[in-house]
Amino acid sequence: MSIPSFEDIIEPNDQTAARAEHLEKLRELVGNVYPNKFSRSALSGDEDTVTALKQWDAVASIEAEMADVKSKLGEGERPPAEVKDDMNERLRALGTVRIAGRLTTPPRGNFVHLTDGISKLQVYCKKGAFSVVRNDIQDLLDFPDSWTVWQLLDHGDFIGVEGYLFVTNTGEVSVHIEKLQFLAKALLPMPDKMHGIEDPEIKQRRRYVDLIGSSLAVEHDGLTTREVFERRAKLISSIRRYLEDHGYIEVETPMLTPKATGAAAKPFKTHHNALDIDLYARIAPELYLKRLVVGGFEKVYELNRNFRNEGISYKHNPEFTMLEFYCAYMDVNGMMDFCEKMLQESVQKATGGLVIEYEGNKIDFSNFRRISMAEAVSEPGAIATGLSDSDLLEKFENDVEHTLIQPTFIVDFPKSISPLSKASPENPQIAERFELFINGMEVANGFSELNDPKEQYDRFVDQMAQREKGDEEAMVLDEDYVRALSYGMPPAAGIGIGIDRLTMLLTNKHSIRDVILFPHMRPEKQFATEDTDSTEES
RNA sequence: GGUCCGAUAGCUCAGUCGGUAGAGCAAAUGGCUUUUAACCAUUGGGUCCCAGGUUCGAGUCCUGGUCGGAUCACCA
């Protein structure tokens, strides 16, 4: 296949031409236009980012004072000169700052804002009163070359500045530049500064530019893209901390497996050349994790990707992040208790409260309902009886599931659809299994783990029979897993929690694609998929 | 896979009944030594997603396609 040219990739236009020309002129003035580093340091020596600098006590307190002064001013009035002078004296005494970032606007006049992706900091340069670092040799450019460099900066470029802090006439804390260093060029134009990128396709395909746009956008509904993924990260780290605080150990089990089993789903298939065998991307880590319970890891978890070769929808992506964990000697009820507490803690940490707003609904995590599937499909006070397992499930999925807005554990699943869970001691037709529903969406699935190897074998055989009958998603017999259980597994409970869906809830996003940085999409036509066969050894 | 909706300048979007392709931001040029999304003036910038069709004439109407979104089915 032909290799696309650089121009094919960046698609030149008048804007890129101007930027490329600026880059060449800058190269003549400063030498290397892509220098290797810029040492950032600010007042106490620890503030390396714009955000850290703005949050540092001395700076934050002056900003707070100024906000107070400005709040008492009328429209168009400026802070009194004596207030400003006093602050400037205090700021000047703090010393020199070295700070770097991306330009959030084109340089206009003498001002520009730098961003670290979170906060913005204004910098001011006085024509003729600052120098530009030459990146090729230890030397400085002075006026008029320094001013030329300033004028060659574009919206989106990276610069580093050295200078002192001051407040402007309008009361904004800014850096007065003494030295400026050019750090990197943006050859492509930045997104609209008011709206960022709105086209959902470009937002998802080019998440980097969505992130640039969303951090700079003035107007946005709800969380910015960056905030969505920061909240996702907070959720995940708080879950990890909670599990580790409770004695769980994180493990990694195979993603490429000889058998796709442990869940009801269609797998992705691939091929290992050296071994000449087919492998499947895992659909669940479940059976590997329980092998570890057999081996003596009494509390074990894995938080990573699963792959299912199925449809794409607002709540399905071919690869999705799932938390699975197992606890020895626990049953389904203990697992529901633990899950409830863990989710409450995580929601609190990620959002700051237990009540979230999702698509107009208030969802309260402070109390999870528990009702049986039979109760859920029945009129109040009259439990439906005589339904077959499949009718019960169908009625539940069609009539009830979407009505479960508040966190609700549905318990007492039919055993026939739960091939890995233990039967209830009271009713052999019922599995000790639950699913957690929030906003009509399944978020978790857990059960008392079946640990009788012979019964597990029989259940697999039953699944294989259904497979024979054409059920592509019936579970595949895993002989080694049956062997593992035969070494003895303690009673245990396990759970799987859909992290993407939980994130959707906590970020008020309707689509799973909005909470996955790079969701699955068709490849762009002009950049065909790589022909991997041609790289194969012959 | 079914149904519905969408694609116009780098970005955000208008475009009436089928009659010369528009605005704001961004860009270029000039001015400006403290501006707060948008300083002032001037200028340039279009395969109206693609391919057909109807028409004197199509961004606009019709058919097919591509890509995307919503929704239903399947699924977690």
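Computed from a predicted structure; not experimentally measured.

**Brief notes about the environment of Asp192**
Turning to its location among the elements, Asp192 is positioned in the loop between strand 7 (173-184) and helix 7 (200-205). The spatial distance from the C-alpha of Asp192 to the C-alpha of Ser214 is 9.6 Å, given a sequence separation of 22 residues. From its side chain, Asp192 meets the backbone nitrogen of His195 in a polar contact 2.9 Å long.

**Focus: the confidence of the model for chain A**
For chain A, per-residue confidence averages 88 on the pLDDT scale, and 94% of positions sit at 70 or higher. In the model, residues 531-538 has pLDDT below 50 throughout and makes three contacts with residues more than four positions away in sequence or in other chains.

**So, the state of the cysteines**
A full pass over the atoms with the stated rule returns zero disulfides. For Cys339, which is in no disulfide, the shortest distance to another cysteine sulfur is to Cys327 and amounts to 13 Å.

**Comments concerning the pairing of strand 3 (residues 120-124)**
Within strand 3, four of the five residues are buried, which leaves it mostly tucked inside the rest of the structure. Counting the residues between successive antiparallel strands, the hairpin from strand 2 (residues 111-115) to strand 3 contains four residues, one of them, Gly117, with a positive phi of roughly 95°.

**Details of the sheet that holds strand 16 (residues 369-372)**
The strand order across the open sheet built from eight strands is 8-12-13-20-19-18-17-16, with neighbouring strands paired in mixed fashion. Taken across any chain shown, the strands that pair with only one partner, and hence form the sheet edges, are strand 8 (249-250) and strand 16. By the bridge criterion, six bridges tie strand 17 (residues 408-414) to strand 18 (residues 430-438) in an arrangement that is antiparallel. Bridge pairing in strand 18 places Ile410 opposite Glu435.

**Quick look at helix 15 (residues 479-486)**
The complete set of buried residues in helix 15 reads Tyr481, Val482, Ala484 and Leu485. What you see down the axis of helix 15 is that its buried residues fit within an arc of 155°, all on one side. Residues of helix 15 that are buried in the fold lie against helix 10 (286-294) and helix 14 (453-468). The backbone nitrogen of Asp480 lies 3.2 Å from a side-chain oxygen of the residue at the head of helix 15, namely Asp478. Remark: Gly488 follows helix 15 within two positions and exhibits a positive phi of approximately 100°.

**Side note on the protein's contact with RNA strand B**
Looking at RNA strand B, there are 48 residues lining it, with Arg78, Thr170, Glu172, His316 and Arg501 nearest. With respect to RNA strand B, the side chain of Glu172 contributes an N or O atom lying 2.4 Å from a base oxygen. At 2.8 Å from a phosphate oxygen of RNA strand B is found a side-chain nitrogen or oxygen belonging to Arg522. Listing elements by their share of the surface near RNA strand B, those giving two or more residues are helix 2 (14-30), strand 3 and helix 7. Among the elements that line the surface near RNA strand B, the one with the most residues is helix 2, at four residues. Tallied by class, the residues present in the surface near RNA strand B amount to 13 nonpolar, 15 polar and 20 charged.

How each quantity is defined
- Residues numbered from 1 in each chain as written.
- Chains lettered and ligands numbered in written order.
- Predicted model: local features only at pLDDT ≥ 70, side-chain atom pairs only at ≥ 80, totals over all residues.
- Heavy atoms only, no water.
- Helix = DSSP H or I, 4+ residues; strand = E, 2+ residues; numbered from the N terminus.
- Polar contact = N/O pair within 3.5 Å; in protein donor to acceptor, adjacent residues only side chain to side chain.
- pLDDT = per-residue confidence, 0-100.
- Contact = heavy atoms within 4.5 Å.
- Disulfide = S-S within 2.5 Å.
- Buried < 20%, exposed > 50% of the residue type's maximum accessible area, 1.4 Å probe, protein only.
- Pairing = 2+ DSSP bridges.
- Arc of directions from axis to C-beta.
- Near = heavy atom within 4 Å.
- Nonpolar A, V, L, I, M, F, W, Y, C, P; charged D, E, K, R; others polar.

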